[in-house]
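Secondary and tertiary structure notes
Spelled out from the first residue to the last, the chains are:
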Amino acid sequence: MPILKNRWWYTFASIWFLFAASLPAAEQADPQPEISQSAAARLKKLPSHKGICVVLGLPAEKQSSILIELIRNSEFQIFFQSDSATDVTQVRHLAEKNGFLGNRIFAEHGPIQSLALASNLADVILVEKTAEQQVSQTELLRVLRPQAIAYRADSELKKPVPSGNDDWNHPYHRPDNNPQSTDQNARAPYRTQFLADPKFSPMPEVSVAAGGKVFKAFGHIAHKKNQNAILNTLMCINAFNGTILWKRPLPEGFMIHRNTMIGTDDALYMADNESCKIIDSETGEIRDEIKIGKELADGPVWKWMGMQDGVLYALIGNEEVKVDTQKSARRGLGHWPWGMWKGHDYSDPKQAFGFGRTFVAINLADRKILWNYQEKDYIDSRGVCMKNNRLFYYCPDKFLGCLNTETGKQLWKNNDEKLLASIGSNQKAQHYVTGYATTTYLKCSDDYLFFAGPQRLHLVSASAADGYMLWEKEHGNLQLVLRNDGIYAAGPKETGMKLDYATGKKLASLPTRRACTRATGSVDSIFFRTRGGTVRLETASDTAQHIAPMRPPCQDGVIVSNGLLYWGPWMCGCELSLYGHICLGPEKNSAAATQNIPPRRTVYTNQLDAVESLAHHSAAWPAYRGDQHQSSTTQIPVPKQTHPAWSTQVTKSALLTAPVIAGNMIFLADRSGVIYAYDRQGKLLWKQYTGGAIFYPPTVSKDRLYAGSADGRVYAFAAKTGQPLWSFRVAPEQRWIPVYGKLISTWPVAGGVVIQNDTLYAAAGIAHFDGTHLVALDPITGELKQENNTSGVLSPTVNSGISLQGSLFIEEGELRFLAGGVYEIARYDLQTLKCLNTPRTEVQSQFRTAFYPYYPEYGKYLSIEHTLADRRELVHDASYEGSVFTNLTLKEALPPGAPQEKKEVARWLSMRARRTGESFKRKNIWEDQQQRRFTSFIVSPEVLLAAGHPDEQPEAPFLTAIDIEQGTDLWSHALPAQAVKGGTAINVDGSIIVSLENGQLLCFQAD
């Protein structure tokens, strides 16, 4: 057996020992050395076998192949960093060869004194002995998540849980139902920690967070097809990097939106209509089960739970209305029909959700029942809360009561007519303005009780000492957050206000809460929904800040735990730019110290001016969709008849970009970060690697090829040979984060690059609150000519601005891209890069985006609005998520002086106009009646080339040529897969190149 010379190789070998035994025989092709029991024991110390594993340096014994062994026998994603370009290239090459590059293995070239990951991300760090002297303990601790371990040659380094972190271990933070965190570390300003799956959620959704994990329970109603996969599912997620650790099914028929879910350091207590399951938080297995016998309660159904000082308190009762699991066949991102879903009318307390008559207290150490208490009337669990050894409960229209939690004895019971009249009967709710009928409506502080919520007509305050009413307010549809300085009551229209506890006196007005979502609080902020996006009320100044790309999720609101903030996933579309499970953390200490960051510009050759010329100087299709304007037009005639000429499998493991063509060479890239060059016969000429995914195709200009990468850099190569020329980091720092299964920069160059007038333009960023960064570079040297780092905050008043949510193009002499939410299109002066958008101070969003790099299944459909020489127009509208579209049409010219119809880029406005008849009416010269939608267009003088598929038939993709004058197909070819977005290109000889979602590149030539 070989000698294991260092500690982390010892750990790698241990991983093989544990996982190889479970692999099928076919996957155990290479015999592995026997591993000792002590090595296996070493592996058991790892906090997790899933998540992010950082590897620094390579061992001499195995070199880069050891990373492949680790990947094949674990569920890690590996982030490899080295100051050796040779090692990085070796890792990238081997990872690509095995299909792991850009999805399981990510390699960064740079000095490891400064690790390129964000803070608190890594589940394990493995430091090779030669790298040990280069990285500090401080830097290792920064990158490790709490309780994760760095393994060095002769020692282990474990990161402690930071002082001041708080858990959100009940659905409303604590059993007092006050959604106010005490976390001292989750403070503004914020940066993105991760964007992760699941992107979409069924209804309802309940979340808790504890022990470095987030637990999410997903319910029984899918309003869109994208929610079906996790109907009735419980999910455990790594709180620091978004890794889904395990899933397990939830029982069907039980409505989960209630307080029957509690997280602890090592377990999740999850109750249903049979029992309370104690689920191991590491494995997802049920450790134990607590059931309440028939002698104590009306039935076995758990209505409410609260935990305090090692005791579990619960309301138990009769069987309820069993809800039906509802799958959906509706496509798109969101929006659903509000209504009185089954059981939500609360018509009969004997069967209504959450109504019961028996409280119990259970000692968790021995599972013994300490006491039980029963009322003859039914208690509404939406009106139950607990604090300071007092359990408060409400029987609608009858009384308010209080129990001593130590003894189970009733302390008081109040049926005062004034109190009950003010509280009033339960309203139905179930409306987008009010919210959900299932929402809790009773909260308590040390001295006060508060009734407010979707079902309430009035806000009522009562004394916690005896239940007598203290004061009331006219509006009850308020989402309350109880803080030391006052009651924050977020409400619709002008009803939001900050109130004094004792008197109910209005202390300040709050911004309007938009609709159903609940409010939550951090140590310095209150979060709730505005018309679009999130209001962050800064409590020190009572001023409103805007987090534009995402709104608080429908039932959870913003969860605050582990020093971090969590949004999503979502049931709806609304005016959102980002979907998924989204986490933000404090900007402070979120990345490596700036003094260790390498220079932005790297030059790879001293011959930047001497680049080998392309054999043919013609640039038939040198940029995405043909040119820097994304016009999708050409003067090259599309052949009237074609045949398949050749195909090649570029990759099987990553989504391709569209192709570009220059000098009879075909260039494209993929989401593993590889750039490819092919000749006109489909032969690979060269390929090169970047550090991150490439979402849009390269741009070719003056014998050079340029690409923007998700590692935050722009790269330049000699187009003919692939010789690296230079790279420039547009991102302000090296800070990689998890984004939907990949590790990329917080500031990816995700929108491609454009070139005009000897200047290269690029932009980096995801969300405005992280910053949006633009540069103008010299294309020959890569030197910086101009930059703008401020448009992420256009309005300091509300702290919102431009988010990079679209590909870059040039129009009307301006650099533009989709801006996400507040601003539909971002606009910049080409000379100065000054942002030309007028700042908006409203705390609202109105524009939708589903950016293709992050949502390729939605952002791929294209619209067209092309004006012909005679002013007739080719028109096809596709909504941004592909659920609504118009037929492709040739329309007559607009009359002189008639206004051009204004359409959202997302095309929702045009859809609405089409439905209501508000759009300007023009005669259709022809209309395609085949109900097709499209992912690519090329407009030539006489022929429209289009790739797409029939509506509702994505399995039948095609490439077709349409006679523009007649609207008839000249020819059509079935494709083996859908064309990628903008995935067609045309060469000077009329040959057509198509890149497909299955990784193939196809060529069609004239007959």
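Residues numbered from 1 in each chain as written. Predicted model: local features only at pLDDT ≥ 70, side-chain atom pairs only at ≥ 80, totals over all residues. Heavy atoms only, no water.

**Here we look at the overall build of the protein chain**
What the protein chain contains, in helices and strands, is 7 helices and 67 strands. For 1007 residues, the compact-globule estimate of 2.2 N^0.38 gives 30 Å, and the protein chain sits close to it at 30 Å. Considered along the principal axes of its C-alpha atoms, the protein chain spans approximately 90 × 80 × 50 Å. The buried share of the protein chain, taken over its 1007 residues, is 66%. Within the protein chain, counting contacts between residues at least 6 apart in sequence, those at least 24 apart form 60% of the total. Accessible surface, the protein chain as shown: approximately 35,200 Å² in total, 48% of it carbon and sulfur. Across the protein chain, the 105 positively charged side chains and the 103 negatively charged ones have centroids separated by 1 Å. (Helix = DSSP H or I, 4+ residues; strand = E, 2+ residues; numbered from the N terminus. Rg over C-alpha atoms; globule rule 2.2 N^0.38 Å. Buried < 20%, exposed > 50% of the residue type's maximum accessible area, 1.4 Å probe, protein only. Contact = heavy atoms within 4.5 Å. Areas by Shrake-Rupley, 256 points an atom, 1.4 Å probe, with all protein chains shown as cover. Lys, Arg positive; Asp, Glu negative; His and termini not counted. Charge placed at Lys NZ, Arg CZ, Asp CG, Glu CD.)

**Looking at the packing of aromatic side chains**
Taken as a whole and assessed by the stated rule, the structure comprises 41 aromatic pairs. Judged by centre distance (6.1 Å) and plane angle (35 degrees), the rings of Tyr448 and Phe450 are tilted. Taken individually, Tyr448 and Phe450 each receive the classification buried, so the pair is uniform in this respect. One aromatic cluster in this structure is built from Phe200, Tyr579, Tyr624, Phe695, Tyr696, Tyr740, Phe851, Tyr852, Tyr854, Tyr855 and Tyr858. Above the face of the Tyr378 ring, Arg357 is positioned so that its terminal group lies 5.0 Å from the ring centre. (Phe/Tyr/Trp six-rings, centres within 6.5 Å; stacked < 30°, edge-to-face > 60°. Lys NZ or Arg CZ within 6 Å of the ring centre and 35° of its normal.)

**Quick look at the nonpolar core**
Judged by nonpolar contacts, the single largest core of 93 residues is most densely connected at Val54, Leu56, Ile125, Leu140, Met550, Trp567 and Tyr854. Each residue touching Tyr854, except ones within four places of it in the same chain, is listed here: Lys199, Phe695, Val739, Tyr740, Ile744, Pro748, Ala750, Gly765, Ile766 and Gln805. Counting 57 residues, the second largest nonpolar core, distinct from the first, contains Leu945, Leu959, Ile993 and Val994. (Core = buried A, V, L, I, M, F, W, Y, C linked by side-chain atoms within 4.5 Å.)

**A look at the confidence of the model for the protein chain**
Chain-level pLDDT for the protein chain is 92 on average; 93% of the residues reach the 70-or-more range. Overall, residues 1-43 carries pLDDT values under 50, and its contacts beyond four positions in sequence, including any with other chains, amount to 73 contacts. (pLDDT = per-residue confidence, 0-100.)

**A few points about the sheet that holds strand β6 (residues 156-158)**
Taken in spatial order, the 6 strands line up as β3-β2-β1-β4-β5-β6 in an open sheet, and their pairing is mixed. A strand with exactly one partner marks an edge of an open sheet, and here the two such strands are β3 (105-109) and β6. Going from strand to strand, the sheet's axes swing by 15 degrees on average, the running direction of each strand aside. Sheet analysis places strand β2 (residues 75-82) next to β3, joined by 5 bridges and oriented parallel. Its bridge partner lying in β3, Phe80 is registered against Ala107. Strands β2 and β3 of the sheet are contacted by helix α4 (residues 85-97), whose axis makes an angle of about 160 degrees with β3. (Pairing = 2+ DSSP bridges. Axes fitted to C-alpha atoms, helices over the stretch in contact; angles between N-to-C directions.)

**Here's the deal with the sheet that holds strand β64 (residues 969-974)**
Taken together, the 4 strands give an open sheet; going across it, the order is β61-β62-β63-β64, and neighbouring strands pair in antiparallel fashion. Edge positions in the sheet fall to β61 (932-939) and β64, since each has one partner strand and no second. Between one strand axis and the next, the sheet turns through 20 degrees on average, direction left out of account. Here strand β62 (residues 943-950) pairs with strand β63 (residues 958-963) via 6 bridges, running antiparallel. What sits directly across from Leu945, in β63, is Ala961.

**Digging into the layout of surface pockets**
Estimated volume of the largest pocket: approximately 1,200 Å³. In terms of lining, the largest pocket is formed by 42 residues, of which the most central are Arg625, Phe809, Glu811, Val905 and Arg907. Taken together, the residues of the lining of the largest pocket sort by class into 16 nonpolar, 14 polar and 12 charged. (1 Å grid on protein atoms, 1.4 Å probe; cavity = no way out; pocket = protein on both sides within 12 Å on 5 of 7 lines; lining within 4 Å. Points joined across faces, edges and corners; volume = space filled by probe spheres on them. Nonpolar A, V, L, I, M, F, W, Y, C, P; charged D, E, K, R; others polar.)

**Side note on the pattern of salt bridges**
Should their charged atoms come close, side chains of opposite charge can pair. Considering all chains together, one arrives at 58 salt bridges under this definition. Two residues, Glu320 and Arg258, come together in a salt bridge whose shortest N-O distance is 2.7 Å. In this pair, Glu320 is assigned in the loop between β17 (311-317) and β18 (355-363) and Arg258 in the loop between β11 (244-249) and β12 (261-263), connecting sequence segments 62 residues apart. Exposure class is identical for Glu320 and Arg258. Each is buried. Each member of the salt-bridge network shares a partner with another, and the members are Glu811, Glu812, Glu814, Arg816 and Arg827. (Salt bridge = Lys/Arg side-chain N within 4 Å of Asp/Glu carboxyl O.)

**A short note on the pairing of strand β34 (residues 543-547)**
The side chains of a regular strand alternate between both faces of the sheet. Of all 5 residues that make up β34, 4 are buried, and the element is covered over most of its length. Strand direction decides the pairing type here: strand β33 (residues 534-538) and β34, joined by 5 bridges, are antiparallel. Pairing of Arg536 across the sheet is with Gln545, part of β34. Between β33 and β34, which follow one another and run antiparallel, lie 4 residues, and Asp542 among them has a positive phi close to 55 degrees.

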